[in-house]
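Observations on the model geometry
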Amino acid sequence: MPELPEVETVMRGLARALEGKKIAQATLHRGDIRFRVPPELPGRLSGATVLGFRRRGKFLLMRVSGGVSVLIHLGMSGRMLIDRAPEKHEHFTLLMTDGTRVGFVDPRRFGVLDLVATAAEDTHRLLAGMGPEPLGNEFSASVLAASCKDRRAPIKAVLLDQSVVAGIGNIYASEALFRAGISPTRAAGKVSARGIEALTAAIKATLRDAIEAGGSSLRDYVQPDGELGYFQHKWKVYGRAGQACERCPGLDVCPGIKSIVQANRTTYYCPRTQK
């Protein structure tokens, strides 16, 4: 599932292509994806002007004239494709007056399309209760420490809790914990103050690096223009089970990156350097 860097990359691509343009026609080809798409969505968008975009966690919002926003979640296989021929499983299409075409393709139908008043975006049922943005000033070591205090749950599980911090998923939680030198199995309440400081910095650095690289490509993920992301070439531990980590001189010293299952998700870490 696309995480914060992938959604940020998609949002920026859509913003470059659509901001300030008028929607000539919005067409809903299928309304029964993860949740029922409001049938009035095409009518509310046709003739409207795209004012801007916003990302909230793993969701993106397209704001249009008339005080309405389209809430979009890519699900497990959703893609937003710009100026490309229609594809199978294209459920929603935007055609702009200048000819620009955007298609929302989602073979597995786990994505979300919904309408929300722009002024009430944060009260939408899927956004309400979401934690701070990890790249914003509202996310700090003191905020993370407060969320971890006295918690017995593994620190990896806490990072995946969207009410603690928004947008972090399985890949970037593993990567940030490696950078910080913290075991994903350590109880959140047992992470030291120095560890929390290191982890906060690692989260921000990991996400920024991934955004700069254009997100990660996992199976179906592509940027809006069809180009693959390249951060997967910089993964330190994710998907590298059995290999020596970059902090170890080799497998003669390093036990090799381990993979374990936590809450039905695969976690990767180096047991020698993450404590």
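Attention now goes to the overall build of the protein. Each helix and strand counted, the protein has six helices and ten strands in total. Its C-alpha atoms give the protein a radius of gyration of 20 Å, within 12% of the compact-globule value 19 Å for 275 residues. In terms of overall dimensions, the protein has a C-alpha envelope of 60 × 35 × 30 Å along the principal axes. For the protein, contacts bridging at least 24 residues in sequence account for 66% of all contacts bridging at least 6.

You will see that His-89, though not glycine, has its phi angle at about 70°, which is positive. By secondary structure assignment, the location of His-89 is in the loop between strand S5 (79–82) and strand S6 (90–96). For Asn-264, which is not a glycine, the phi torsion comes out positive at approximately 65°. Mapped onto the secondary structure, Asn-264 falls in the loop between strand S9 (258–262) and strand S10 (265–269).

Now for the sheet that holds strand S7 (residues 101–105). Overall, antiparallel pairing links the four strands, which are arranged S1-S6-S7-S5 in an open sheet. The open sheet is flanked by strand S1 (23–28) and S5, the only strands paired with a single partner. Looking at each pair of strands side by side, their axes are set apart by 15° on average, direction ignored. With five bridges joining them, S1 and S6 adopt antiparallel strand pairing. Its bridge partner lying in S6, Ile-23 is registered against Met-96. Across the sheet, helix H1 (residues 4–18) lies against S5, S6 and S7, angled at about 30° from S5, the strand it touches most.

Our focus in this paragraph is the sheet that holds strand S3 (residues 59–64). Strands sit in the order S2-S3-S4-S8 across an open sheet of four strands; the sheet is antiparallel. Each end of this open sheet is capped by a strand with a single partner; those strands are strand S2 (50–56) and strand S8 (112–117). Shown here is a sheet whose adjacent strand axes are inclined to one another by a mean of 25°, direction ignored. Sheet strands touched by H1: S2 and S3. Its angle to S2, the strand with the most contacts, is close to 175°.

The rules behind each value
Sequence positions are assigned chain by chain, starting from 1 and proceeding in written order. Residue-level local features of this predicted model are given only where pLDDT is at least 70; pairs of side-chain atoms are given and counted only at 80 or more, and the full residue set underlies all totals for whole chains, interfaces and linings. The side-chain values count all of the structure's non-hydrogen atoms but skip hydrogen atoms and water molecules. Put simply, DSSP marks the helices as runs of H or I at least four residues long and the strands as runs of E at least two long, and each gets a number from the N terminus on. As defined in this context, the radius of gyration uses C-alpha atoms, and a globule is described by 2.2 Å times the residue total to the power 0.38. Contact criterion: two residues are considered in contact whenever any of their non-hydrogen atoms come within 4.5 Å of each other. Strand pairing is assigned whenever DSSP detects at least two bridges linking the two strands. An axis is simply a line fitted to the C-alpha atoms; with a helix, the fit covers only the stretch in contact. Between two such axes, the angle follows the N-to-C directions and lies from 0 to 180 degrees.

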